[in-house]
Amino acid sequence: APADLYDAKLDRHFEVRARDGKLYQSEYQTDAEGKDIFRDTRELDWIIGAGANGLGALVQRDNYLFQAPLSFYSKTGTWGPSPGYEFGDYGFNRPILAGCISCHSGRPRPVAKKNGKFETPPFRQLAVGCENCHGPGAAHIHATESGSSSNAGNAIVNPARLSMDLANNICMSCHQTGNIRVFQEGKTYQDFRPGTPLDRVLSILMVPPDKASPPQADHLE
């Protein structure tokens, strides 16, 4: 779907266009006569997200990924400012961080301690898929293809068979942000496996609420 948006606060125009089977976004500014002061047009290299609420667009420069200014929102069927863009003038320069991409794609490959830098290719899977909640599926697929259907169910994590804590840990890994996340030494988001305790990889900490600072609703929770 094409789009044309204007942000009066930033005095910026944004557009989305499809051309020759590829998708492009532009950010530009015009003078009083409507002539371009500048125009930055980028091909969208990746589309991420499950699509339930929307889809995000990424551009790639060398081995670095950046968020595009506009995202597609499923309920309205239209493009709008990407999440977080209400806080600043980022253009195509907002790096994709491991903490965000880990929940919005399938098996990303960020380089540790390098904001926005990824391995080649940057994703092992292109979508939020089964392994995000059920863990590695190779053994399950092998058991199914070999006809060992009785073992197939035991070869992958079924959250319904886990303890309440371990089942909740799967959801919490993406859906509870807290005030800060603290990793165990040497661990990254890629080390968490569904069915194992989340605190082996990271701890989610919250500042206790009080009358002076009541609890704030977390949109993920």
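Quick look at the structure, then.

Quick notes on a nonpolar patch on the surface
Together, I180, V182 and L205 make up a nonpolar patch on the protein surface, roughly 240 Å² of accessible area in all. Relative to the elements of secondary structure, V182 occurs in strand β13 (residues 180-183). Among the residues examined, V182 registers a relative accessible area of 38% and is labelled partly exposed.

Describing the layout of surface pockets
Here the second largest pocket is characterised by a volume of approximately 460 Å³. If you go around the second largest pocket, you meet 21 residues; those closest to its centre are A98, K113, F183, T188 and Y189. Counting only elements with at least two residues in the lining of the second largest pocket, the list comes to α1 (98-104) and β13. Residue contributions to the lining of the second largest pocket peak at three residues, all from α1. In terms of residue class, the lining of the second largest pocket is made up of ten nonpolar, six polar and five charged.

Looking at unusual backbone geometry
Note that the residue after T120, namely P121, is joined by a cis bond; omega there is -5 degrees. Note on placement: P121 falls in strand β12 (residues 118-125). The backbone of D62 shows a phi angle near 55 degrees, a positive value even though the residue is not glycine. When you line up the elements, D62 lands in the loop between β6 (54-61) and β7 (64-67). If you check the backbone angles, K113 has positive phi at about 65 degrees while not being a glycine. Assignment of secondary structure puts K113 in the loop between β11 (106-110) and β12.

Procedures and definitions
- Residues numbered from 1 in each chain as written.
- Predicted model: local features only at pLDDT ≥ 70, side-chain atom pairs only at ≥ 80, totals over all residues.
- Heavy atoms only, no water.
- Patch = residues over 30% accessible without salt bridge, like charges linked within 9 Å, V, L, I, M, F, W, Y side chains within 5 Å.
- Areas by Shrake-Rupley, 256 points an atom, 1.4 Å probe, with all protein chains shown as cover.
- Salt bridge = Lys/Arg side-chain N within 4 Å of Asp/Glu carboxyl O.
- Helix = DSSP H or I, 4+ residues; strand = E, 2+ residues; numbered from the N terminus.
- Buried < 20%, exposed > 50% of the residue type's maximum accessible area, 1.4 Å probe, protein only.
- 1 Å grid on protein atoms, 1.4 Å probe; cavity = no way out; pocket = protein on both sides within 12 Å on 5 of 7 lines; lining within 4 Å.
- Points joined across faces, edges and corners; volume = space filled by probe spheres on them.
- Nonpolar A, V, L, I, M, F, W, Y, C, P; charged D, E, K, R; others polar.

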